[in-house]
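Take a look at the letters that make up each chain.
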Amino acid sequence: MKQVSFRNDILPLKDKLYRLALRITLNPAEAEDVVQETMIKVWNRRDNWGTIDNIETFCLTACRNLAIDKTRHMANQTISLETEMEPSDNSHHANPEEQTIQQDRIQMVRQLIDQLPEKQRSCMQLRDIEGKSYKDIATILAITEEQVKINIFRARQTIREQFKKIDT
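The following paragraphs examine the structure supplied in this document. Here the structure is a predicted model, which is why all the values come from computation and not from measurement.

## Digging into the overall build of the protein chain
Then, number 1: A count of helices and strands for the protein chain gives eight helices and zero strands.
Then, number 2: Starting at the N terminus, the α and β elements of the protein chain follow one another as α-α-α-α-α-α-α-α.
Then, number 3: Going through the 168 residues of the protein chain one by one, you find that 40% of them count as buried.
Then, number 4: When contacts within the protein chain are restricted to residue pairs at least 6 apart in sequence, those whose partners lie at least 24 apart make up 68%.
Then, number 5: Surface exposure of the protein chain reaches about 10,300 Å², of which carbon and sulfur atoms provide 47%.

As structure tokens, this is what we get:
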């Protein structure tokens, strides 16, 4: 087994943990709390790190479970998702009107993602944003790979349909 270091192996995961927690809680402050609780939980299990096959998957699973627990106790789930994703249009040829339209579309998609059921949001976050494999997502979310694929398909389909309704 690989020797796991908190500083080198776990601490760098904080941004991924935050994005996952944010997708579930939809609240930046709550997501930060979830990441802190996750780090504490992982630190308290440091004696078992040598027996864990994939420390990243372990951390993401712990984060997901804590975020779901926190979400169940939150009264208000309507806060808009704020993420670090910015428009990737680096084209210097786009005029201000096109840039504004692009930003509005990105914001619209973010809002549509916010409205998805938690499992679909989590699957999309882990697959499309974090780039995780179906197998890793299934492990993190404690569901089958087939369920992961179905959740991602349904999420994308819902967003596509809602976006077409709004954008036309």
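Further notes follow.
## Quick look at the environment of Arg72
Then, number 1: Within the secondary structure, Arg72 is located in helix H4 (residues 55-73).
Then, number 2: Spatially, the C-alpha atom of Arg72 lies 9.2 Å from that of Thr25, the residues being 47 residues apart in sequence.

## Notes on the nonpolar core
Then, number 1: In terms of nonpolar packing, the biggest core is built from 33 residues, with Ile10, Leu17 and Ile55 touching the most fellow members.
Then, number 2: Of all the secondary structure elements, the ones that give two or more residues to this core are helix H2 (14-25), helix H3 (28-44), H4, helix H6 (118-129), helix H7 (134-141) and helix H8 (145-167).
Then, number 3: Ranked by the residues each element gives to this core, the list is headed by H4, at eight residues.
Then, number 4: For Ile55, the residues in contact, after removing those within four places along its chain, are Val4, Ile10 and Trp49.
Then, number 5: Counting eight residues, the second largest nonpolar core, distinct from the first, contains Leu112, Ile113, Leu116 and Phe163.

Rules of the game
Residues numbered from 1 in each chain as written. Predicted model: local features only at pLDDT ≥ 70, side-chain atom pairs only at ≥ 80, totals over all residues. Heavy atoms only, no water. Helix = DSSP H or I, 4+ residues; strand = E, 2+ residues; numbered from the N terminus. Buried < 20%, exposed > 50% of the residue type's maximum accessible area, 1.4 Å probe, protein only. Contact = heavy atoms within 4.5 Å. Areas by Shrake-Rupley, 256 points an atom, 1.4 Å probe, with all protein chains shown as cover. Core = buried A, V, L, I, M, F, W, Y, C linked by side-chain atoms within 4.5 Å.

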